Amino acid sequence: MAKGDPGAATRSKRAAPRTRRAAATGEPELVQLLTPEGERIETALGPDGTEYRVDFTDEEYRGLYRDLVLVRKLDAEATALQRQGELGLWASLLGQEAAQVGSGRALRAQDMAFPTYREHGVLYCRGIDPIMPLGLFRGVDQGGWDPNEFKFNMYTIVIGAQTLHATGYAMGVAMDGKTGGADGEAVIAYFGDGATSQGDVNESFVWASVFNAPLVFFCQNNQYAISEPLERQTRVPLYRRAGGFGFPGVRVDGNDVLASYAVTRHALDTARNGEGPSLIEAYTYRMGAHTTSDDPTRYRIASEVEAWQAKDPIARMKAFLTKQKIVDESFFAEVDEQARAESVHLRERVLTMPDPQPVSMFDHVYPHGSAELDEQRARFSQYMESFEGSAH
Ligand SMILES: Cc1ncc(C[n+]2csc(CCOP(=O)(O)OP(=O)(O)O)c2C)c(N)n1
Ligand SMILES: [Mg+2]
């Protein structure tokens, strides 16, 4: 590999007493800083010897817990709204909160994110009003947020396509000279385990590698692509694919918000320093259905879901906060109350979202319009006017 060793800056020759080598965590080669029982691991070593750790204040630990609970509650409210006919569809993130909050909070203000359709937790961390994706899934707008303002691109339903967009964007960042220092820009592309079988994702790996793009590929391996299990996508752990493309890969416990943060922050800083792309495989589990139009009982057994419930990302953070006495008794009730109030507010606002005027679909095709589009709009308006006064 032509570029420098991204682990060098944080590597130490002797491991600290409470350092855990990734391969010894029970899961193969998994970077973990918080066990399912809520025990803290001081440092964890990645497969290339990179040392991962976090150093949060108590206030920051509490903040991460709050994020996890809020994101889960808002997601549950969206699922309920779909069940009541208020959304056309919803893709729940249930079980993936830590991977999303950990990586989302690791982003610096200048970093750009390219999501799939499930990154509601990252969207929340970017400071976007959580109602925005509900407009998309209600079918009343295209999502609504400004990608440039929030540094969070629009949701992408076409599997893997956003990795190409992210690669092109990241190459542009490098060409603009915005990498090479601590205040440089980095880009993150989210995708799923199923997406790794797409040509787009593999082409992105090639381009990002040979152009040394400042890009973090963040794969949430939730074990399924709708009903297709992971073993139908790969014979090797996904993170190891990176080696064949010429950049580092690491598997992190995606149900551990601290490790997800540490690994993503390191990969982003490597990218912004001009040291090229990396692949993070966040090993997690989709605890709910693929979307509200899916019935997972058709293709997986209940005991598998139960085994993963024991690794719940929120439960382990709660156990940690309690054991370390970082919170007092009232904290959890206060967070639950905030989550309840915000979800009620979300529901109220969704129910009052107005239906769009059909002609508005021409509004955001081009930033400055076009003569052809103007003609299409005029013809469509005429067509709609032909119904005026009729019962239709
Ligand atoms: C190019 C393309 N092919 C097929 C689909 C249909 N489809 C929607 S979601 C999905 C599975 C994606 O699985 P994964 O990448 O693991 O992401 P997850 O939904 O599990 O987060 C498929 C095949 C699509 N949206 N786009
Ligand atoms: Mg998946």
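Every value quoted in this text rests on a predicted model; they were computed, and no experiment measured them.

**Thoughts on helix α7 (residues 199-210)**
Inference 1: Between the first and last C-alpha of α7 there are 17 Å, a value that for twelve residues agrees with the 16 Å anticipated at 1.5 Å per step.
Inference 2: The secondary structure elements touched by the buried residues of α7 are α6 (161-175), β5 (187-192), β6 (215-221), α8 (241-245) and β10 (278-283).

**Quick notes on the coordination of the magnesium ion (ligand 2)**
Inference 1: Protein ligation of the magnesium ion (ligand 2) involves Asp193 (OD), Asn222 (OD1) and Tyr224 (O), the donor distances falling in the range 2.1 to 2.2 Å.
Inference 2: Each donor residue of the magnesium ion (ligand 2) lies on one chain, and together they are spaced D-x28-N-x1-Y. Here Asp193 is found in the loop between β5 and α7, whereas its partner Tyr224 is found in strand β7 (residues 224-225), with 31 residues between them in sequence. As far as the burial class goes, Asp193 and Tyr224 line up, both buried.

**Observations concerning the site of ligand 1**
Inference 1: In the neighbourhood of ligand 1, 15 residues make up the surrounding shell, with Tyr117, Arg118, Gly194, Ala195 and Tyr224 lying closest.
Inference 2: For ligand 1, a nitrogen atom lies 3.1 Å from a polar atom in the backbone of Ile159.
Inference 3: Within the side chain of Asp193, a nitrogen or oxygen atom sits 3.0 Å from an oxygen atom of ligand 1.
Inference 4: Bound to the protein, ligand 1 loses 70% of the 590 Å² it would expose on its own.
Inference 5: Residue composition of the shell around ligand 1, by class: eight nonpolar, five polar and two charged.

**Structural notes on a nonpolar patch on the surface**
Inference 1: Together, Val206, Trp207, Val210 and Phe211 line one region of the surface with nonpolar side chains, adding up to about 410 Å² of accessible area.
Inference 2: Tracing the chain through its elements places Phe211 in the loop between α7 and β6.
Inference 3: For Phe211, a relative accessible area of 43% gives the class partly exposed.

**Describing the side chain of Arg118**
Inference 1: Examined against the element boundaries, Arg118 turns out to sit in the loop between β4 (112-114) and α3 (120-125).
Inference 2: Although buried, Arg118 forms no salt bridge, and the nearest oppositely charged side chain, Glu119, lies 6.2 Å from it.
Inference 3: Among the polar contacts made by the side chain of Arg118, one reaches the main-chain carbonyl oxygen of His290 at a distance of 2.9 Å.
Inference 4: The contact partners of Arg118, leaving out residues within four places of it in the chain, are Ala91, Ser92, Leu93, Gln96, Gln100, Asn222, Arg286, Ala289 and His290.

**Here's the deal with the packing of helix α2 (residues 97-106) against helix α9 (residues 257-272)**
Two quantities define a packed helix pair, namely the angle between the axes and the distance from one axis to the other.
Inference 1: Relative to each other, α2 and α9 sit at 40°, their axes nearing to 7 Å. It follows that α2 is oblique to α9 by the angle criterion. Regarding α2 and α9, the two cross each other, and that crossing is right-handed. When α2 is examined against α9, the residues Ala98, Ala99, Val101, Gly102, Ser103, Arg105 and Ala106 are found in contact with a partner set consisting of Val257, Ser260, Tyr261, Thr264, Arg265 and Leu268.

Definitions and cut-offs
- Residues numbered from 1 in each chain as written.
- Chains lettered and ligands numbered in written order.
- Predicted model: local features only at pLDDT ≥ 70, side-chain atom pairs only at ≥ 80, totals over all residues.
- Heavy atoms only, no water.
- Helix = DSSP H or I, 4+ residues; strand = E, 2+ residues; numbered from the N terminus.
- Expected span 1.5 Å × (residues − 1).
- Contact = heavy atoms within 4.5 Å.
- Donors = N, O, S within 2.8 Å, 3.2 Å for Na, K, Ca; no water.
- Buried < 20%, exposed > 50% of the residue type's maximum accessible area, 1.4 Å probe, protein only.
- Near = heavy atom within 4 Å.
- Polar contact = N/O pair within 3.5 Å; in protein donor to acceptor, adjacent residues only side chain to side chain.
- Areas by Shrake-Rupley, 256 points an atom, 1.4 Å probe, with all protein chains shown as cover.
- Nonpolar A, V, L, I, M, F, W, Y, C, P; charged D, E, K, R; others polar.
- Patch = residues over 30% accessible without salt bridge, like charges linked within 9 Å, V, L, I, M, F, W, Y side chains within 5 Å.
- Salt bridge = Lys/Arg side-chain N within 4 Å of Asp/Glu carboxyl O.
- Lys, Arg positive; Asp, Glu negative; His and termini not counted.
- Axes fitted to C-alpha atoms, helices over the stretch in contact; angles between N-to-C directions.
- Parallel < 35°, antiparallel > 145°, perpendicular 65-115°, else oblique.
- Left-handed = near helix turned anticlockwise from the far one by under 90°.

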